[in-house]
Every structure is written in structure tokens, then in C-alpha cells.
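# Working through the structure, step by step
Each chain, letter by letter, is given below.
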Amino acid sequence: MTNQCKKSSFPFCRTAIATALGILAVPALAADLVLEEVVVTAQKRAENVQDIAATVNVVSGADIDKFAAFDFNSIEQQTAGLTLSSPNARNSTISMRGVSIDPEAGVSAAVDVYWNDATVRSDIAFNQMYDLERIEILRGPQGTLQGRTSPGGAINMVTKRASLDETSGFVQGSVSDNNGYNGQTAYGAPLIDGVLGVRVSGVYDTNNGTNVDNITTGFDDQEARAYSGRLSTIWQPTDTLESQLIYQYLKRTTDDPKAMSGVDALGERPTLDAKDRKALADTDDFGDIHFNLLNLITDWEVMNHQVTGIVAYQESTKTAQTANDRAYSLQYVDTQAPSNQGTQTKVDAMSYELRAASMDNDFWNYMVGLYYQDQNTTTKFLSNTVRTDIAGLGLSTNGVLPVNANNFAIFTFNTFNVTDTVQIEAGLRWTYYELYRRADIYFGELTYVPPSLEAFVDQIEEGISAAFPIEAVPDDKDSKNEDAVTGSLAVRYDWRDDTNLYASYNRGYRPSGISIVPSPDVVFLPDGVNDLLYDEETSDAFEVGFKSRLLGGQAALNGALYYQTYDGYLGFVRGVQVLNDQGQPADLPGGLVFNGDANIWGVELDGQILLTETWNAGGTMSYSKGEYDGASKPCNERQPGQVLGSCDIDGEPLGGEPEWSFSLNSEYYYPLDGTELYVRGLFKYTDDRINTEASAGTYNVSEHFDSYEVLDLFVGWRSSVYTWDVSVWAKNVFDEDAVNFQQGPDQYDIAISEGSYTQTNTIHERIFGMTARYAF
């Protein structure tokens, strides 16, 4: 395994491995020190995470609180092999086990998100977190039990539920030097003892976001603000029937100026570095989202079976405005036309799941279920464009992009207790997909006509209108039905009382579709619009692993080795051009999805240890290497006679994810008269990785991002029974300013100043803060 460490990152690889193996070598210091059991519902049953024949990481609600993880992105710091990225206020993406996808590609997610076991869009997850029980991170294909058959994994966010017999709650406030304030509260109590309970919780959060100032507009007070409330109820009219209703509302508004870096070829605009955090656009970008979530979960024990029904509803509206002229290059063109784009995405979805599971059979326990989801998504946009080749003429276009997806599934999951030490699990899922997608683009109006062309307005409008509407998805390609069979097989062997070994197989699936290319130049592709179609993706993952309790339960160490092959992996490429009938290259906006065979292999470790009664430590490590296998992608390198190029990518990296990453944490406390003084740390190392943007390697856009390390430190004083807690903390203690996103120059910058500036995002700068919490 160490042979895979790159020379630049070898010390960190060695440290990660030594830390994990060191757990085995630490002698037991106290016989009564035992790690708490972690119970999850990753396989639709409540079970100890150590008994699951798969890699499941858990971030508990306590971990979220003690590391001041106020938003979803913060979870990345606590877990290796997971990337949570938000390059702007509109787009977010989750990557796991080296699998990622551009959110603008329009394909099914590589990693799906669930809220209390119901599927939600990833942009629902990328918000403020509060009053959570745990977050379950399921790695590898989810081909049997989850609502979608994603190839990379799944994340399930489990909120704290109402109680029938206990009153509890908390009040928490945090302030920080990034103009930050985070206030959280929760209160739960039984209304009728043993029969009806309720819990209410809420959060208000504000900070300065990425702390970018716009030197053109003078905007210097960036703010990201969110508030949310949740109501949870539980009703148990009999010993065998229980129903829970959970509702949540959230609204977030985010100023989103884009930081630029570069040197102006015209010698007029300032020289900027990524760490300057300065924007140049003549408008200020923003992104807003609000959503409603509602889950009704019913469990009924009948005839030695547990019957579970989940009805889930989600509704969201996401609005954003983005400058098309990010570097303010149009100031050098005599025009008064606007150059920005506004978008609004509305989602309305219902899902239903009904399953029945046997209870406590000696040999065979089974589960059968039905699943149905109906999701309707509509995106509308208004884009303002300036024609620098026609004296600064301005025009607007607008479009509607409906995407509707229904899927129906039948699934079964079976557990066979072959002997006292051998268990076999087998699952199967059949899914039927009904998919609909369109993209219609219309001409709006002329937003500016230069004086020299005012006499020709009618002719200009007529000429532009002739190219519209654009049907990016024609009528005969907007609907498709298909089905897929996925499943899983696992064998677990309890080698010793404290160690089990397992081997598993899982299949993932993502449906076929069509690339959205809003351009009439599609007709010049070799096979026209048919070249926009892409096939389904299937993946087969093989995993062997172990899970162990060591030192009499004082420590735990788990590990896995996996290999995953992809038949038709869904890749995505931007910036591709096709030769038109004049032999000139014409842009294919939006990008192209393509299929290519690929494989990934990797190693994962996670461990915890109670070093003494007052000192604990833990960590996770991940190595993942993915590459294309005999694949090719559309590109602009053409052979004679080709109108669309094809480039060999055999052996090239599969995505822009780091090969190595690890996260380490530790806490030590000192007892003091019924209280405790404590210090804790959280460290994350992220290896270097490639830049997957189409512009990488051109216009001073980096082809690789450097590795970086982030250290968070916390010092506090609390009650020994945890009723109150006060802490001061620093995140990114050494003020690391690593670049984690870079995109090439916009079209106006290229046309006017040869591409002087790139959009460059860096990780969050150092933050100092304080948190006070009172629980009851």
C-alpha cells in the first residue's frame, strides 16, 4: 500500500498508516474503558455498524456539535475520501471513492443524499445543520436498498426525533470573526406520556461567506444568511404501531461575487492573486434557496414482521444571478447592454416506500419492498449577451428546461445465518425509469442597439429571430423508458468474538440520457442530434474488509480494499467545438456527456481509541485511484476529415479527486470539581489532484491543485454531566489558502484581452470563534 504514495505526499501517507496501525499497539490502560456502540439504519434495520458487511462511516450529532460544524460542507473535514464542493451559490456536488460529476452535466448523481431515509437533491443537503442524530456515509454502489442506485455511495442525514417519555433540549450560540453568528435551539417533550411526543428546533446563521469584495461595484460586505425550523412528532397508539411526522423549512440567501486572479494584458485592470479574494464584475452575483421537506414514517409490527411505510415530499426553489462578464472586460467596448444571467430552478417531488421485514428468525431474515418516486424539475433562465463583433449589440434569450423523472422499484434483501459464525446477505432490485427532458431556447429582445445600427433594428431583429427557437432536445428524443437490475451479495465471517471479515459484491446503475447543447450547430455533428445521446452506466464493485474491536472494546479498527469496474462511465467535457459547413469551429455550449470504460481501486481505514479515561483519538484514511480503461472523449484535436475530434484518454485519471486523504481527531480533558477543561484538535490532509475544468492547461489555468492541510483547534470548559459547555476555537489555524477551484476566462475576456483573468476559489480562511451551549 505504501508503494502507492507519491513522493510529495509520502510523509502524510506514512503518518496515516502509522496512526491506524498504532491503535493495535497501544496497551490497555483501563479495563473498564469501552467504546460506545454505534447503531445505524444503513440497511433499513437498526444494527451495530460493526456488524455490517460494508464500509459505513458515521458522524454523530455530538461530533457535529463539538467540531462546530455549522454547515454540510464542514463534514468533509471529519471524513477521509469525501469531497463536498460548492464552486458557487448555485452548484454543489458530492464525490466519494474517486467518483464525481459536474453538476451542470445533467446526469444522475454519483453520490445520492437522503434525509431521514428519503431521497433529496444535493442542494437540500448543502445548508445549515442543526439538531442531528447522525450522518451515515455509505461507501460504494447502492444497488439494493436505497431509493437510487448511485455508484459512488450515499449519505443519510438523520435528524433527532421526538421522544415519548423524555424532556430534553438545548440553547447554543456561536460568534466568530468572519462576521459570523450561529444560534441553535431545540426542545422536545411528551405531550401524552408513552403515546404522543413533539420536538421543535431551529437555527439562524450568518457569516461573510467566502469573504470576496468587488472592487468594481464597491461591494465589500458579503453575507451568507440562513434560517430554518423543524417540527418532529411521534405517535404510538399501541405497542405495535408507531408513526412519525417530520417537517422542515429552510431559507438561505448568499452573496456570491466571483474571486478573480490574473494579470491584465491591457495594463488597465489590477493584478490579482487568488488569496486577494477580489471580484471584478460590474454586477454582484447572488444565490437564494428555500425549501420544504415533509416525511411521514409509519412502523407496524404484525405477525412477526415489521411493516414500514415512508411518504416523503420535497419542494424547493433556487434562484441565482451570475455575471457573464466576470472580468469586466466590456468596459472597453462602447455598449450599455447588460451581460448577466438569471436562473430559477423549481423542484417538486414525492416518494413512497413500503417494505415488510421478518423479525428475529433464526436462519433466514428477509425484506421485500416497493418504491416509487415522481420528481419534476423546471429550470428557467434569462441570459443577456453582448456581441463584441457587432459594435456591442446587446440581446437577451430565455429558456425553459423541464426534467421529469419517475422510477418504480421492487426490491428484496435477505440475510442467512448459515452457522454461528457465517452470515450471507443477498439483495436484488429491479427499477423501471420513465425519463423526460427538454430544453427550448427563445429570443427575447434587443437590450442595446449602438447608434450606428439604429436604422437597421428591424432587420437585425428579424435576422436573430430566424435562428430561434432552438430545440436543444427534439420531440423524438425528449422521452425514454428503461429498466435495470442491480443487487448485492456479501459474506461475513465472525473470525473471533471481536473481529469479523467480509467480502461483498455490489452493482450500481445510472440511466441513459441526452446532453443539453442549445445550439443550431448540432446539425454539423457526424450523426446530428444522435451524437448527443449517451448510454446507461453500470458498475460492479468488489470489496473485502474487516471490522474489529480491540483491547477489550477500548479501540476499534476497520478496513476495506475495493475494486470497481465501470461499463460506460458517464464522463463530461466542456469547450468542445464542431466544424460548421464553412469549415470553421463552432462552439457546442453546455458540454457533452460521453461513455467510457473505467476502473477504480482503493483502500479505506477508520479507527477510534480510548487512550485513557480522559483522552481519546480517532481517524480515517482513504486512498483511491481511478482511471479510464481504453476510453476516448470528444475533443478539439481532429484528424483530416473529422468535424468532431476524439481523444484517447486510456489511463487518464477518472475525476478531480485526491488519491490520498486522511482525517485525525483527538480530545483530552482535565477533571476539575465537577467540571472539565478540555482541548481537542481536528486535522485533515488532502492530496493534490487534477483540475477537471475544460480550460485546464490554457490561459494560466492550473492543471493540478496542490495538496493542503487544515488544522482546527478547540479549547473549552464544560460541566462533567455535559449540561453546559463554553469553548473558543480556531478553524484553519495556519490560514492555509489553497486553491480548490479554477475556471478559465469568460468569452469577453478572451475576445478583448486574450484571456487575462480566471475565476479562482480558495478554501475558507482562518476563523476564530466562541461557542456557548446549555442543554437540559
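Above: the structure in question.
Below or above, wherever it landed, is the structure these notes cover.

### Concerning the overall build of the protein
What the protein contains, in helices and strands, is five helices and 46 strands. Whereas a compact globule of 776 residues would reach a radius of gyration of roughly 28 Å, the protein reaches 27 Å, a difference of no more than 12%. The C-alpha extent of the protein, read off along each of the three principal axes, is 90 × 60 × 55 Å. Counting contacts in the protein only where the partners sit at least 6 residues apart, residues at least 24 apart contribute 70% of the total. With the model as given, the accessible surface of the protein reaches about 32,700 Å², and the carbon-plus-sulfur share is 53%. Treating the 52 positive side-chain charges of the protein as one cloud and the 108 negative ones as another, the clouds have centres 3 Å apart.

### Some words on the sheet that holds strand E45 (residues 757-762)
On the basis of which strands lie adjacent, the open sheet formed by three strands has the order E16-E45-E44 and antiparallel pairing. A single partner strand is all that each edge strand has here, and the edge strands are strand E16 (260-262) and strand E44 (739-743). Averaged over neighbouring strand pairs, the angle between their axes works out to 40° when direction is ignored. Bridging between E44 and E45 involves four bridges; their strand directions are antiparallel. Bridging from a neighbouring strand, Gln742 pairs with Thr760 of E45.

### Overview of the pairing of strand E30 (residues 537-550)
Buried residues dominate E30, accounting for eleven of its 14 residues. Relative to E30, strand E27 (residues 499-510) runs antiparallel, the two being bridged by twelve bridges. Bridge pairing in E30 places Arg510 opposite Glu537. In this sheet, strand E31 (residues 555-573) lies alongside E30 in antiparallel orientation, the contact comprising 13 bridges. Considered in E31, the bridge of Ser539 is made with Tyr566.

### Looking at the sheet that holds strand E6 (residues 111-115)
Pairing within the open sheet is mixed, and its five strands lie in the order E3-E8-E9-E6-E7. The two strands at the open ends of the sheet, each matched to only one other strand, are strand E3 (56-60) and strand E7 (118-120). Geometrically, the sheet is characterised by an average inter-axis angle of 25° between neighbouring strands, direction not taken into account. For strand E8 (residues 132-139) and strand E9 (residues 153-159), the ladder comprises seven bridges, and the chain directions are antiparallel. In the sheet register, Leu138 faces E9, and the bridge partner there is Ala154.

### Focus on unusual backbone geometry
A cis geometry characterises the amide bond from Phe468 onward to Pro469, with omega recorded as -5°. Topologically, Pro469 is positioned in the loop between helix H4 (457-465) and strand E25 (470-471). Phi is positive for Ala391, close to 60°, though the residue is something other than glycine. Mapping Ala391 onto the fold places it in the loop between strand E21 (364-387) and strand E22 (393-417).

### Describing a negative patch on the surface
On the surface, Asp535, Glu536, Asp567, Asp597, Asp629, Asp648, Asp650 and Glu652 cluster together into a patch of negative charge. Here Asp650 lies in the loop between strand E37 (645-648) and strand E38 (660-672). Among the residues examined, Asp650 registers a relative accessible area of 44% and is labelled partly exposed.

### Some words on the packing of aromatic side chains
Using the criterion set out here, one finds 23 aromatic pairs in the structure. On the basis of an interplanar angle of 55° and a centroid distance of 5.0 Å, the ring pair of Trp364 and Tyr366 is categorised as tilted. Aromatic side chains Phe443 and Phe468 sit 6.1 Å apart centroid to centroid with 35° between the ring planes, which places their arrangement in the tilted category. Here the residue Phe443 occupies a position in strand E24 (residues 440-448), and Phe468 occupies one in the loop between H4 and E25, the gap between them amounting to 25 residues. Grouped by ring-pair contacts, the aromatic residues Phe363, Trp364, Tyr366 and Phe416 constitute a single cluster. The ring of Tyr562 is capped by Arg97, whose NZ or CZ atom sits 3.9 Å from the centre of that ring. Above the ring of Phe170, the side-chain terminus of Arg773 is found at 4.0 Å from the ring centroid.

### Observations regarding the nonpolar core
By size, the foremost hydrophobic cluster in this structure holds 29 residues, and its most contacted members are Phe72, Ile75, Ile94, Met129 and Ile135. For this core, the element with the most residues is strand E18 (residues 286-302), which contributes four residues. For Phe72, the residues in contact, after removing those within four places along its chain, are Leu84, Ile94, Ala125, Phe126, Asn127, Met129, Ile155 and Met157.

### Details of the environment of Asp597
Mapping Asp597 onto the fold places it in strand E34 (residues 592-612). Residue class for Asp597 comes out partly exposed when judged on its relative accessible area of 36%. Sequence separation between Asp597 and Val107 is 490 residues, and the spatial gap between their C-alpha atoms is 17 Å. Other than its neighbours up to four places away in sequence, Asp597 contacts Tyr566, Asp567, Gly568, Tyr628, Asp629 and Ala631. In this structure the side chain of Asp597 is engaged in a polar contact, spanning 3.1 Å, whose partner is the backbone nitrogen of Gly568.

### Digging into empty space enclosed by the protein
Applying the stated rule across the entire model yields ten cavities of 30 Å³ or more. Of the pockets and cavities examined, the largest cavity occupies roughly 340 Å³. If you go around the largest cavity, you meet 28 residues; those closest to its centre are Gln43, Ala54, Pro141, Gln142 and Asn506. Listed by contribution, the elements that provide at least two residues to the lining of the largest cavity are E8, strand E26 (479-496), E27 and E30. Here the residues of the lining of the largest cavity sort into 14 nonpolar, ten polar and four charged.

Calculation rules
- All chains use their own residue numbering, which begins from 1 and follows the written sequence.
- With the structure being a predicted model, the display of local features is reserved for residues of pLDDT at least 70 and the display and counting of side-chain atom pairs for 80 or more, all residues being used for whole-chain, interface and lining totals.
- Water and hydrogen atoms play no part in the side-chain values, which are based on all heavy atoms of the structure.
- Runs of H or I in DSSP of at least four residues are treated as helices and runs of E of at least two as strands, each being numbered from the N terminus.
- All radius of gyration figures rest on C-alpha atoms, and the globule criterion is 2.2 Å times the number of residues raised to 0.38.
- Residue contacts follow a heavy-atom distance rule, with two residues in contact if any of their heavy atoms lie within 4.5 Å.
- Note that accessible areas follow from Shrake-Rupley with a 1.4 Å probe, and for residues the cover is restricted to the protein chains shown.
- Residues scored as charged are limited to Lys and Arg (positive) and Asp and Glu (negative), so that His and the chain ends carry no count.
- For the purpose of locating charges, the reference atoms are NZ of Lys, CZ of Arg, CG of Asp and CD of Glu.
- Two strands qualify as a pair provided that DSSP identifies no fewer than 2 bridges between them.
- For helices, the fitted line uses only the C-alpha atoms of the stretch in contact; every axis is such a line through C-alpha atoms, and the angle between N-to-C directions lies from 0 to 180 degrees.
- Exposure categories follow from relative accessible area, calculated using a 1.4 Å probe and restricted to protein chains: below 20% of the type maximum is buried, above 50% is exposed, and the middle band is partly exposed.
- Patch construction takes residues with relative accessible area above 30% that form no salt bridge. Like charges are linked within 9 Å, and nonpolar side chains (Val, Leu, Ile, Met, Phe, Trp, Tyr) are linked within 5 Å.
- Any carboxyl oxygen of Asp or Glu that lies within 4 Å of a side-chain nitrogen of Lys or Arg is treated as forming a salt bridge with it.
- Two rings belonging to Phe, Tyr or Trp (six-membered ring only in the last case) form a pair when the distance between their centres is within 6.5 Å. Interplanar angles under 30 degrees mark stacking, angles over 60 mark edge-to-face geometry, and anything in between is tilted.
- Look at NZ for Lys and CZ for Arg. If either is within 6 Å of the ring centre and within 35 degrees of the ring normal, a charge sits over the ring.
- The criterion is simple. A nonpolar core is a set of buried Ala, Val, Leu, Ile, Met, Phe, Trp, Tyr and Cys residues joined through side-chain atoms within 4.5 Å.
- Pairing of N or O atoms within 3.5 Å defines a polar contact, subject to two protein rules: one partner must be a possible hydrogen donor and the other a possible acceptor, and residues neighboring in sequence count only if both atoms are side-chain atoms.
- Grid spacing is 1 Å over the protein atoms alone, the probe is 1.4 Å, and a cavity is where that probe fits but cannot get out, while a pocket is an open set with protein on both sides within 12 Å along at least five of seven lines and lining residues have an atom within 4 Å of a point.
- Grid points are joined across faces, edges and corners, and a volume is the space filled by probe spheres set on the points.
- Gly is placed with the polar residues, together with every amino acid not listed as nonpolar (Ala, Val, Leu, Ile, Met, Phe, Trp, Tyr, Cys and Pro) or charged (Asp, Glu, Lys and Arg).

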